[in-house]
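Given next are the chains, with one letter for each unit.
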Amino acid sequence: MNVIENPLYQKLLLTAVAIGVIMDGLDGSIVNVVLPVIAADFGTDTGTISWVIITYLLMMAGFLLVFGKFADRGHIRKVFVGGFVIFTIGSAVCGLSTDLSWLLGARMFQGVGAAMIAAAAPMLCVKCLPARMLGFALGVLTMASSIGFAAGPALGGILTHYLSWHWIFLINIPIGIAAIPFALRVIPKDVPAEKKPFDLIGAVLLFAMMVFGIYALERVPHLGLSNPQIILCAAFCLIFAVLFAVRELKCRSPLINIRVFTAWKFSSVVVAFLLINVIYMGVIYLLPFYLHTGMHFDTAASGMYLLIPPALTAVLGIPIGRWSDRTGRRSFAVAACVMLILFNLIFVMIMPEMGVVPLLCALVLMGVLWGLAGGPAASRIVENAPEGERGTGSSLMAVCIYLGSVIGTALYATIFTFATSPSGTVVAFMDLDPATFLNGFHFTIFVGLGLAVLAVVLSAVVRDQKREEVEA
């Protein structure tokens with residue numbers, strides 16, 4: 001693919017890429033605030049409705065590496081534009097859904113398109129723009145993602161409050177219709193690259209492991225640990241995990257070089273970053289239910305409150321990232337995990353009668369968390385990767401974000417469902433009394449608090465590398 005030297009076309013390319021990243025970020029957060037409304041509309045419980053998020057993120061986590069490899073073979077334009085087409089069609093079907101099964105199927109389809117966009121967007125910046133622009137281009141992508149994620153809750157709340165939840169998906173249709181021909185016009189045509197072997201078997205095994213594992217985790221409260229379906233899914237997850245490990249160790253061109261995990265420093269920072277995503281996304285999943293049931297906010301008000309964390313992250317992310325480049329990243333990563341502990345402590349003790357002050361404090365800490373972690377904690381994965389494996393580190397960094405989000409949503413949904421179903425009977429969200437809801441909310445956050453402590457330890461034990469080692 002040819003490098004674009006014309007300043008105007010450089011800006012146009014960045015605009016096309018930014019639109020795609022904004023849409024990805026938007027749909028990653030716009031659903032959260034309206035989950036209570038969708039759950040009430042379909043008469044289902046908080047665990048089942050979590051699949052509206054899980055299906056989308058699972059497709060992204062499962063297909064991100066696959067489409068990244070395909071794009072790297074000289075098909076970046078096809079992957080990016082094709083992602084827009086699939087994403088737009090999926091959005092239309094989501095918006096027209098009349099039952100939960102229809103909506104979940106459409107979310108899966110939409111997630112595949114989102115994975116294609118997410119895989120191709122940074123590669124377009126690397127392949128199509130001069131090397132001197134790379135820092136600026138990736139900064140634009142970071143800001144675009146933050147803008148999309150920040151706008152999601154507020155926009156979703158307003159659309160649902162004044163129209164209906166269907167419009168959080170339908171709004172993507174005119175954007176997609178306009179963006180597709182624009183992207184075709186400004187992105188250079190693909191130039192087929194040298195054919196490289198692709199580990200398709202590894203990709204299938206990894207995706208199967210994720211699907212069976214997440215399904216078993218979320219369905220346990222509904223079916224019970226001894227249910228044959230749960231046992232079978234858990235067994236399949238374990239079998240596929242073993243097969244994936246064996247495959248990757250033997251394959252000449254593995255999807256992921258799992259030998260990198262023998263380096264303890266690398267493994268520590270990867271697990272710490274994964275835990276940050278698990279805990280944060282779990283809280284983000286539960287928080288709209290607290291705002292609805294505990295605070296009695298409508299969707300518009302909930303959306304405005306949920307705007308606070310990503311808005312702060314968008315403001316703090318770039319300057320803190322530059323600061324960490326100069327001074328080292330360990331202190332920022334540890335501070336981010338401390339923020340994780342602090343806002344979880346607030347949510348463990350929070351009660352509706354305390355008013356909005358503790359809620360605002362917790363939301364501010366959530367925003368500061370990603371301002372500190374977004375650049376420094378993520379960069380530590382690449383920085384501590386074994387020699388010659390920084391590409392693997394970069395891929396795993398992206399996987400941690402989406403896989404952590406999937407695990408966090410499923411894990412918190414499972415714990416909350418267990419905590420609010422002491423008799424073993426799962427209760428629909430709209431039938432939960434406030435006291436039962438709050439007990440389940442506090443217990444689930446308390447479990448996450450323990451994981452946050454582990455994230456602090458894993459971040460703290462890995463010291464910063466010397467500057468000359470990093471630059472090398």
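Because the structure is a prediction, the values reported are computed rather than measured.

Rules used in this analysis
- Residues numbered from 1 in each chain as written.
- Predicted model: local features only at pLDDT ≥ 70, side-chain atom pairs only at ≥ 80, totals over all residues.
- Heavy atoms only, no water.
- Helix = DSSP H or I, 4+ residues; strand = E, 2+ residues; numbered from the N terminus.
- Buried < 20%, exposed > 50% of the residue type's maximum accessible area, 1.4 Å probe, protein only.
- Contact = heavy atoms within 4.5 Å.
- Areas by Shrake-Rupley, 256 points an atom, 1.4 Å probe, with all protein chains shown as cover.
- Polar contact = N/O pair within 3.5 Å; in protein donor to acceptor, adjacent residues only side chain to side chain.
- 1 Å grid on protein atoms, 1.4 Å probe; cavity = no way out; pocket = protein on both sides within 12 Å on 5 of 7 lines; lining within 4 Å.
- Points joined across faces, edges and corners; volume = space filled by probe spheres on them.
- Nonpolar A, V, L, I, M, F, W, Y, C, P; charged D, E, K, R; others polar.

Here we come to the overall build of the protein. The helix and strand tally for the protein stands at 19 helices and zero strands. The buried share of the protein, taken over its 472 residues, is 55%. For the protein, the share of sequence-separated contacts (at least 6 apart) that also reach a separation of at least 24 residues comes to 85%. For the protein, the accessible surface area stands at approximately 19,400 Å², while carbon and sulfur atoms represent 70% of it.

Let's shift gears to unusual backbone geometry. A positive phi angle, close to 60 degrees, is found at histidine 296, a residue other than glycine. For histidine 296, the location among the structural elements is in the loop between α11 (264-293) and α12 (299-306).

Here threonine 160 lies in helix α6 (residues 134-162). From its side chain, threonine 160 meets the backbone oxygen of glycine 156 in a polar contact 2.8 Å long. Each residue touching threonine 160, except ones within four places of it in the same chain, is listed here: Val34, Val37, Trp165, Ile168 and Thr299.

Attention now moves to empty space enclosed by the protein. For the structure on display, the rule yields three cavities of 30 Å³ or more. Of the voids in this model, the largest cavity is the one considered here, and its volume is about 70 Å³. Contributing to the lining of the largest cavity are Ser29, Asn32, Phe149, Pro153, Tyr280, Ile284, Leu306, Pro309 and Pro310. Where the lining of the largest cavity is concerned, the elements lending two or more residues are α6, α11 and α13 (308-327). For the lining of the largest cavity, the class distribution of residues is seven nonpolar, two polar and no charged. Roughly 50 Å³ of internal volume is contained in the second largest cavity. Every residue along the wall of the second largest cavity is listed here: Val269, Ala272, Phe273, Ile276, Ala333, Ala377, Arg380 and Ser459.

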